[in-house]
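Each chain, written out:
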Amino acid sequence: MLQFMKEANVMIVFLISCAVGLQIMNRLRFALIVWVIVGATVSVSGDIHFSLVGIAFQAISQVAECIRIVLGEFVLTGRKLDPLTYTAFVAPTCFVVLLVGNAMAWNSVIIPAAMAHW
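As the structure is a prediction and not an experimental result, all values here were calculated from the model. (Residues numbered from 1 in each chain as written. Predicted model: local features only at pLDDT ≥ 70, side-chain atom pairs only at ≥ 80, totals over all residues. Heavy atoms only, no water.)

Regarding its fold elements, the protein presents five helices and zero strands. Compactness check: the protein gives a C-alpha radius of gyration of 18 Å against a globular reference of 13 Å for 118 residues, more than 25% above the reference. Its C-alpha atoms put the protein at 55 × 45 × 25 Å along the principal axes. For the protein, the proportion of contacts with a sequence separation of at least 24, taken over those separated by at least 6, is 61%. Of the roughly 9,400 Å² that the protein leaves accessible, carbon and sulfur atoms contribute 74%. For the protein, the distance from the average site of its 6 positive side-chain charges to the average site of its 5 negative ones is 12 Å. (Helix = DSSP H or I, 4+ residues; strand = E, 2+ residues; numbered from the N terminus. Rg over C-alpha atoms; globule rule 2.2 N^0.38 Å. Contact = heavy atoms within 4.5 Å. Areas by Shrake-Rupley, 256 points an atom, 1.4 Å probe, with all protein chains shown as cover. Lys, Arg positive; Asp, Glu negative; His and termini not counted. Charge placed at Lys NZ, Arg CZ, Asp CG, Glu CD.)

Moving on, we get to a nonpolar patch on the surface. On the surface, a cluster of nonpolar side chains totalling about 540 Å² of accessible area is made up of Leu15, Met25, Phe30, Val34, Val38 and Val42. Looking at the nonpolar patch element by element, the count peaks at four residues for helix α2 (residues 27-43). (Patch = residues over 30% accessible without salt bridge, like charges linked within 9 Å, V, L, I, M, F, W, Y side chains within 5 Å. Salt bridge = Lys/Arg side-chain N within 4 Å of Asp/Glu carboxyl O.)

Of the voids in this model, the largest pocket is the one considered here, and its volume is about 220 Å³. Around the largest pocket, the lining residues are Ala64, Ile67, Arg68, Leu71, Tyr86, Val90, Cys94, Val97 and Leu98. Among the elements of the structure, α3 (52-76) and α4 (83-104) are those that each provide at least two residues to the lining of the largest pocket. When the residues that make up the lining of the largest pocket are grouped by side-chain class, the tally is eight nonpolar, no polar and one charged. (1 Å grid on protein atoms, 1.4 Å probe; cavity = no way out; pocket = protein on both sides within 12 Å on 5 of 7 lines; lining within 4 Å. Points joined across faces, edges and corners; volume = space filled by probe spheres on them. Nonpolar A, V, L, I, M, F, W, Y, C, P; charged D, E, K, R; others polar.)

Structure (structure tokens):
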């Protein structure tokens, strides 16, 4: 199931790009999206038992990643901003978001558990 969800990233990026005007949808592209969805659906195998919370986290993570990719494309298209400068602007923002999430979910057992697996 997780692999099927990962296959959707390309389509999500394309659809968001269409929504913000960076790409244009036509019949051929729509047919290709349907073909990828059908192919990924056919290839799903494994355990049918899944966690709804896990699926929700994965979906939120995927949408956030796809928005980040489209934002990068939007910022870099037609502007005098190279990929390294874009990364220099985005990396601190990502760090702050991850730092806040880490602070909210922190548990004192994390470091000893990490050291035990190192």
